[in-house]
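Report on the structure
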Amino acid sequence: MVTLSNADIIEQTANFVQNTLKDAEGGHDWWHIQRVWTNARLIAQTENCDTLIVELAALLHDIADSKFHNGDEEIGPATAGKFLKSINIEEDIIIHVQQIIRHMSFKASFDKVTFHSKELAIVQDADRLDAIGAIGIARAFTYGGFKDREIYNPNIPPNLNMTKEEYKNTSAPTINHFYEKLLLLKDKMNTTTGKKLAQQRHSFMESYLEQFYSEVQ
């Protein structure tokens, strides 16, 4: 059995993800993965962590997002695991990557969190950074258009007390998503670097919303 170097493992994984997501929705495509991967590597520089696990989880975290697979929350970890086994990655690394994929999403926070690791904290911050700021705004409206949602409807207020099922099945206007998720992420960051980067992006979203309401009113 040929033992791959970490660089070869990452290269094969990146190629697999890029090919798998070549036709994905614009907010969850290869470019999203690449940004999260970059964010994760940046944050990892200031944390004591296993960088191989960080990079693999960042690359594979949206390989089969449940919202594009009838809500199946196990298809992502299963797809990632199958690929990693195909390139002979050690079982303990596979399990750790799968656990990160299971627990890193915002919707996972509605459940009791039963898994923690430094690597999860890093990849979660990296993904959340891509959900806020200018990129986050663009992604929100891209997905809203993909789901045929209204941009804004003053007669449908944000629901700040949603259950997990309500969150997964919402069809509310995209502006509501700012209050139901995006503006909450700054205070959910785990790492010092993540918190620092989130602050500027959060401020940009607040400025955007101020401009948005000045125009619609």
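Residues numbered from 1 in each chain as written. Predicted model: local features only at pLDDT ≥ 70, side-chain atom pairs only at ≥ 80, totals over all residues. Heavy atoms only, no water.

1. Some details on the overall build of the protein chain
Helix and strand counts for the protein chain come out as ten helices and zero strands. Tracing the protein chain from N to C terminus, the helices and strands come up as α-α-α-α-α-α-α-α-α-α. Computed over C-alpha atoms, the radius of gyration of the protein chain comes to 18 Å, within 12% of the 17 Å expected from 2.2 N^0.38 for 217 residues, which places it in the range of a compact globule. The buried share of the protein chain, taken over its 217 residues, is 48%. At a minimum sequence separation of 6, the contacts of the protein chain that also span at least 24 residues come to 67%. Put simply, the protein chain shows about 11300 Å² of open surface, and 49% of that area lies on carbon and sulfur atoms. Averaging the locations of the 22 positively and 30 negatively charged side chains of the protein chain gives two centres separated by 2 Å. (Helix = DSSP H or I, 4+ residues; strand = E, 2+ residues; numbered from the N terminus. Rg over C-alpha atoms; globule rule 2.2 N^0.38 Å. Buried < 20%, exposed > 50% of the residue type's maximum accessible area, 1.4 Å probe, protein only. Contact = heavy atoms within 4.5 Å. Areas by Shrake-Rupley, 256 points an atom, 1.4 Å probe, with all protein chains shown as cover. Lys, Arg positive; Asp, Glu negative; His and termini not counted. Charge placed at Lys NZ, Arg CZ, Asp CG, Glu CD.)

2. Side note on the pattern of salt bridges
Applying the stated rule across the entire model yields five salt bridges. Put simply, R139 and D130 hold a salt bridge, and the shortest N to O gap is 3.7 Å. Owing to a relative accessible area of 1%, D130 belongs among the buried residues under this scheme. It is possible to trace a salt-bridge network through shared partners that takes in R35, D130 and R139. (Salt bridge = Lys/Arg side-chain N within 4 Å of Asp/Glu carboxyl O.)

3. A look at the environment of K85
Residue placement: K85 occurs in helix α4 (residues 75–86). K85 sits 69 residues away from P154 along the chain, and the two C-alpha atoms are 49 Å apart. Setting aside residues no more than four positions away along its own chain, K85 makes contact with E91 and I94.

4. Brief notes about the nonpolar core
Within the largest apolar cluster, 57 residues are counted, with the highest numbers of intra-cluster contacts made by L60, L84 and V97. Element by element, the count of residues in this core is highest for helix α3 (residues 51–60), at eight residues. Those residues within four positions of L84 in sequence are excluded, and the remaining contacts are L56, L60, I89, I94 and V97. (Core = buried A, V, L, I, M, F, W, Y, C linked by side-chain atoms within 4.5 Å.)

5. Observations regarding the packing of aromatic side chains
Counted under the stated rule, the structure contains ten aromatic pairs. Plain terms: the ring middles of F141 and F178 are 6.1 Å apart, the flat faces sit at 50° to each other, and that makes the pair tilted. Remark: F178 occurs in helix α9 (residues 174–180) and F141 occurs in helix α7 (residues 133–146); sequence separation between them is 37 residues. Judged by relative accessible area, F141 falls into the partly exposed class, the value being 23%. With a relative accessible area of 0%, F178 lands in the buried category. Each residue in the set F141, Y152, F178, Y208, F212 and Y213 is aromatic and connected to the rest through ring pairs, giving one cluster. In this structure, R41 is placed above the aromatic ring of W37, and the distance from its NZ or CZ to the ring centre is 4.2 Å. (Phe/Tyr/Trp six-rings, centres within 6.5 Å; stacked < 30°, edge-to-face > 60°. Lys NZ or Arg CZ within 6 Å of the ring centre and 35° of its normal.)

6. Brief notes about the packing of α3 against helix α6 (residues 118–129)
Viewed as axis vectors pointing N to C, α3 and α6 meet at an angle of 40°, and their least axial separation amounts to 9 Å. Taken together, α3 and α6 sit at an angle that is classed as oblique. Of the two elements, α3 crosses α6, and the hand of that crossing is right-handed. Contacts between α3 and α6 involve I53, V54, A57 and A58 on the former and, on the latter, E119, I122 and V123. (Axes fitted to C-alpha atoms, helices over the stretch in contact; angles between N-to-C directions. Parallel < 35°, antiparallel > 145°, perpendicular 65-115°, else oblique. Left-handed = near helix turned anticlockwise from the far one by under 90°.)

7. Description of unusual backbone geometry
A positive phi is found at N88, a non-glycine position, where the angle reads about 65°. Relative to the helices and strands, N88 resides in the loop between α4 and α5 (91–103).

8. As for α4
Between its first and last C-alpha, α4 extends 16 Å over twelve residues, near the 16 Å set by a 1.5 Å rise per residue. Turning to α4, the residues buried within the fold contact α1 (6–20), α3 and α5. Trailing α4 by a residue or two, N88 shows a phi angle of about 65°, which is positive. (Expected span 1.5 Å × (residues − 1).)

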